[in-house]
Amino acid sequence: MKGKTALLLAAALLAGALSGCGPEEQVIYESPASAGNNGQSAQLVIGAYRLEEDQEAVLEEAIERYQADFPETEVRVERYASREDLAGAAANGKADMFQVESSEAVDYARRGLLRDLMEYTGMWDYEASLTEGARRAMRFMGEGAIYLVPVDFQQDALFYRTDWVEAYNETRRGTERAYVETWEQLADAAKKFDQENGKGKLAVSGEAMGEYFDAVLWSTLGQGALADPAAGYFLREDGAGTVFASDKAPEAAELFAKVMAVRLNDDLTEEEAVDAFAAGEAFALLADARTAQVLAQAMPEGSWKAAGIPQGAGEMAVFHHSWWGWGVSTASANGEKAIHFLSFLTNSDNNTHWAKVCGTLPIYKEALHMEPSLLESPREVEMRMLKDAAVFRNASRPRMYQAEDGFAPVLDKALKEYVQGEMDASTLLGQLDAYWSQAYEAEGRLWKERQKQ
């Protein structure tokens, strides 16, 4: 049924009758809307430009099951040669549901290509427990809007030489031991291994410096300090300003400098960083979590281990992730049915099956109970991060701002000068605070906030 279904329950407050005071009050209870299929003849086109063979096979299986229940609805997959062609099809309604990557999602939302599914949030929020990664992807414009349902994610992880750590810790106790659970411990462990064998280095891509600066900063502040996880450069309190003006920002900047000081090299690509780690040139590596599959082929079993992103002082790791998923076109003539099919495709059973067959991450926590083998998959470290949502959280830069489009080179230049000692922490944070304070003043508050009931 389209639109919100409101159940109005009016009751006289007993307190007024019992105490002789107090007015009557009408209480309104909202039940979430649910998209439906009225059984009338319709055609749905699912637009895609990049699907793996196994993904397309699972999608076709889901379509077949859906059409068994709704034979009047013809659902087919249409391949497009490029993202641009697919966006054009979505804009003119030729693609009812279409593939969206995180890198283009904000642009699509700005252009009005993506239908806001917020009124149907219960179709996913009440289906099962959404993972942290899924919730953040769905709300990439802020807590008050849902523009897509994700299919898979990319996130980084820490890899370290567990054989070195175990051998080093065997004869040591307490603080003498090497640990890697936090950013502070990672920097400290690197120094210890440098003294031990001269290889206490961190292998990391120079291109990712800005993302790890964000991770250290957010992990120091905690996700709860952010105005919205989708607007990760602004503080929650009204008028409190940017995260760079936070009283914890100097601490985070100093910690970031410690971590960067133990890098193997400042201009490695990620591929070079992975190769260096596999060759024994560094004791730790920060890279795409799926690197685990590469290391399993390149290194002896038991010589390394994958861990989650290091935590901050608040025992929380807050970091970037990217994703792709399905959105519904605002121009679709059958938008209600497209949403109905999307909810079917992404229910807990179908999503868990997709994760198992295609090697993706599930969007529901229950998937790990429904299919325990997921914890033994090549993406085991990501599954563990998914399971421990109290520690591993996500945030992003305020990508809904035009100012974000040109921010990366500004940040990279400032960080390079900072870690090379050409700029102090106060100057660094002052520059970044000024940039985003000006952006806020010029563009206003752009993240979509949850409407109060």
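1. Remarks on empty space enclosed by the protein
- Throughout the structure, instances matching the rule amount to two cavities of 30 Å³ or more.
- Roughly 140 Å³ of volume is contained in the largest cavity.
- Together, 13 residues line the largest cavity, and Gly 133, Gln 155, Met 385, Leu 386 and Asn 394 are the ones closest to its centre.
- In terms of residues, the lining of the largest cavity owes the most to one element, helix α16 (residues 380–387), which gives three residues.
- Across the lining of the largest cavity, the residue classes break down as six nonpolar, five polar and two charged.
- Its volume calculated, the second largest cavity comes out at about 60 Å³.
- Residue lining of the second largest cavity: Pro 150, Val 151, Trp 326, Leu 345, Thr 346, Asn 350, Asn 351 and Trp 354, and that is the complete set.
- Ranked by residues supplied to the lining of the second largest cavity, first place goes to helix α14 (residues 348–358) with three residues.
- Of the residues belonging to the lining of the second largest cavity, the class tally is five nonpolar, three polar and no charged.

2. A word on helix α8 (residues 183–197)
- Under the 1.5 Å per step criterion, the end-to-end length of α8 is 21 Å for 15 residues, consistent within 8% with the ideal 21 Å.
- Residues of α8 that are buried: Trp 183, Leu 186, Ala 187, Ala 189, Ala 190, Lys 192 and Phe 193.
- Looking at the packing, one finds that the buried side of α8 touches β7 (156–160), α7 (162–169), β8 (202–204), α9 (209–221), α10 (249–260) and β9 (284–288).
- Count one or two residues on from α8 and you reach Gly 198, which has phi positive near 75 degrees.

3. Points about the pattern of salt bridges
- Scanning the model with the defined rule gives 27 salt bridges in all.
- Connected through salt bridges with shared partners, the residues Asp 125, Glu 132, Arg 135, Arg 136, Arg 139, Glu 143, Arg 393 and Arg 450 form a single ionic network.

4. Looking at the sheet that holds strand β6 (residues 149–154)
- Read from one edge to the other, the open sheet built from five strands follows the order β4-β3-β5-β12-β6, with strand pairing classed as mixed. Edge strands, defined here as strands with exactly one partner in the open sheet, are β4 (73–79) and β6. Each strand of the sheet is rotated relative to its neighbour by a mean of 20 degrees, with strand direction disregarded.
- Summarising the sheet, strand β3 (residues 42–48) and β4 pair through seven bridges and their orientation is parallel. Within the sheet, the bridge partner assigned to Gln 43 lies in β4 and is Glu 74.
- Across the sheet, helix α3 (residues 83–91) touches β3 and β5 (97–101), and the angle it forms with β5 is around 140 degrees.
- Helix α4 (residues 102–110) rests against β5 and β12 (322–328) of the sheet, and its axis sits at about 120 degrees to β5.

5. Observations concerning the sheet that holds β8
- Within the open sheet, the four strands sit side by side as β8-β9-β7-β10. Their pairing is mixed. Here the strands that pair on one side only, and so sit at the sheet edges, are β8 and β10 (305–307). In this sheet, neighbouring strand axes are inclined to one another by 30 degrees on average, regardless of whether the strands run parallel or antiparallel.
- With three bridges connecting them, β7 and β10 associate as antiparallel partners. Among the inter-strand pairings, Phe 159 is bridged to a residue of β10, identified as Ala 306.

Thresholds applied
Residues numbered from 1 in each chain as written. Predicted model: local features only at pLDDT ≥ 70, side-chain atom pairs only at ≥ 80, totals over all residues. Heavy atoms only, no water. 1 Å grid on protein atoms, 1.4 Å probe; cavity = no way out; pocket = protein on both sides within 12 Å on 5 of 7 lines; lining within 4 Å. Points joined across faces, edges and corners; volume = space filled by probe spheres on them. Helix = DSSP H or I, 4+ residues; strand = E, 2+ residues; numbered from the N terminus. Nonpolar A, V, L, I, M, F, W, Y, C, P; charged D, E, K, R; others polar. Expected span 1.5 Å × (residues − 1). Buried < 20%, exposed > 50% of the residue type's maximum accessible area, 1.4 Å probe, protein only. Contact = heavy atoms within 4.5 Å. Salt bridge = Lys/Arg side-chain N within 4 Å of Asp/Glu carboxyl O. Pairing = 2+ DSSP bridges. Axes fitted to C-alpha atoms, helices over the stretch in contact; angles between N-to-C directions.

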